[in-house]
Amino acid sequence: MKKILRFFLFFTFVYKKILEFVMVTKIDGLKVNFSSFLYGKNPKKQPPVPIYAVVTYCPTTTFSETFPNFYVTYWMFYPFNEGKDACFLGKVPAPLIFSKCLGHYRKLGNHIGDWEHISLLFSNHIYPDKLFLSVHDAGAFYIYNRNTNVFKFESKMSRKGVAQVPAFPEFVRLQGGHPVIFAAEGSHGLWSTPGEHEFIRVPKILDKTGYGTPWKTWASIKFYHIGLSELPSWMNFKGKWGNPKTKCVLLKKFGLCEYTEGPRGLLRENKDFYC
Ligand SMILES: *[C@@H]1O[C@H](CO)[C@@H](O)[C@H](O)[C@H]1NC(C)=O
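Summarised in this report is the structure supplied together with it.

Calculation criteria
- Residues numbered from 1 in each chain as written.
- Predicted model: local features only at pLDDT ≥ 70, side-chain atom pairs only at ≥ 80, totals over all residues.
- Heavy atoms only, no water.
- Near = heavy atom within 4 Å.
- Polar contact = N/O pair within 3.5 Å; in protein donor to acceptor, adjacent residues only side chain to side chain.
- Areas by Shrake-Rupley, 256 points an atom, 1.4 Å probe, with all protein chains shown as cover.
- Pairing = 2+ DSSP bridges.
- Helix = DSSP H or I, 4+ residues; strand = E, 2+ residues; numbered from the N terminus.
- Disulfide = S-S within 2.5 Å.
- Buried < 20%, exposed > 50% of the residue type's maximum accessible area, 1.4 Å probe, protein only.

**Examining the site of the ligand**
Every residue close to the ligand is listed here: Asn33, Ser35 and Ser36. With respect to the ligand, the side chain of Asn33 contributes an N or O atom lying 2.4 Å from an oxygen atom. Coverage of the ligand by the protein amounts to 24% of the 360 Å² it exposes when considered alone.

Below, the structure written as structure tokens:
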């Protein structure tokens, strides 16, 4: 009996190891090659860098109505994301004292492969009702005002029960009918204003945004209609994009790692909007 149990445990162990098989990108070799995928593509060059729009129709939609009831999520892919400088005293994350780090800086949160997104909710009108802006593990809802033609902050949410949810800008403005969104340097968190946005207090980690290279995302949208389109196989990948976490400080769970993992793919259980 004991033997059988031992064999069973061994088998389970091997099976689990096979299931946990992950592909790891060796970053160091690619970093010295400026044409490697780590450096991404210039969104100004042709052909335009695509974004992926996943459209979910609500069951209440009847196509005889003037405009359907649906939400759409626009996904942007970032091949490599350089981390942020964080202040440490020895091995412990430390606050800045009068804006100075009394210890040393370490770059945390480098990661391969990142998906950031914004979503729009439409309820039977040709204009959207709400916008959701995703920033790392948090995000904000904005309500569209037809008269002023801006989205106004409504509420914020955090996905992993993150203790420190950032302060979000009050408005998302439009230019030529398109929301103007800034992707932060390195992390690619999405914000609606240029500037510095604090999203972790200790160690202090900032997202810096500004007027960089414009990405006219509407020039190349790949649409996928859930339940109607055939989805590419990579979209059904249920694991985490990117390498596993390595060189972590404190606990892996808090995500303070020199190299951190990528997010899950596009078809997630937690949605920004529900019908
Ligand atoms: C650099 O990356 C490109 C694109 O992946 C590849 O074709 C090329 O062989 C690489 N060069 C070197 C020196 O590794």
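Okay, back to it.
**Some points on the sheet that holds strand β5 (residues 104–108)**
If you walk across this open sheet you meet the 3 strands as β4-β3-β5, and the pairing is antiparallel. Every other strand in the sheet has two partners, leaving β4 (92–93) and β5 as the edge strands with one partner each. The sheet contact formed by strand β3 (residues 84–89) and β4 spans 2 bridges and is antiparallel. Bridge assignment links Leu89 to a residue of β4, and that residue is Val92.

**A short note on the pairing of strand β9 (residues 150–158)**
As a general feature of sheets, a regular strand has side chains that alternate between the two faces. Bridge count for strand β8 (residues 138–145) against β9 is 8 bridges, and the pairing is antiparallel. Bridging across to β9, Tyr144 finds its partner in Phe151. What sits between β8 and β9 in their antiparallel hairpin is a turn of 4 residues, with Asn149 showing a positive phi close to 60°.

**Considering the state of the cysteines**
Applying the stated criterion across every chain yields a total of 3 disulfides. One disulfide bridge connects Cys58 with Cys275, the sulfur atoms lying 2.1 Å from each other. Torsion about the S-S bond of the Cys58 and Cys275 cystine: about -85°, corresponding to left-handed handedness. Residue Cys58 is found in the loop between β1 (51–57) and β2 (69–81), and its partner Cys275 is found in the segment after β19 (257–259); the two are separated by 217 residues along the sequence. With relative accessibility at 6%, the residue Cys58 sits in the buried group. Each sulfur in the disulfide pair Cys248 and Cys257 lies 2.1 Å from the other. Measuring handedness by torsion sign, the sulfur bridge of Cys248 and Cys257 sits at about 95° and is right-handed. For the protein chain, the bonded cysteines pair up as 1-6, 2-3, 4-5 when numbered in the order they occur along the sequence.

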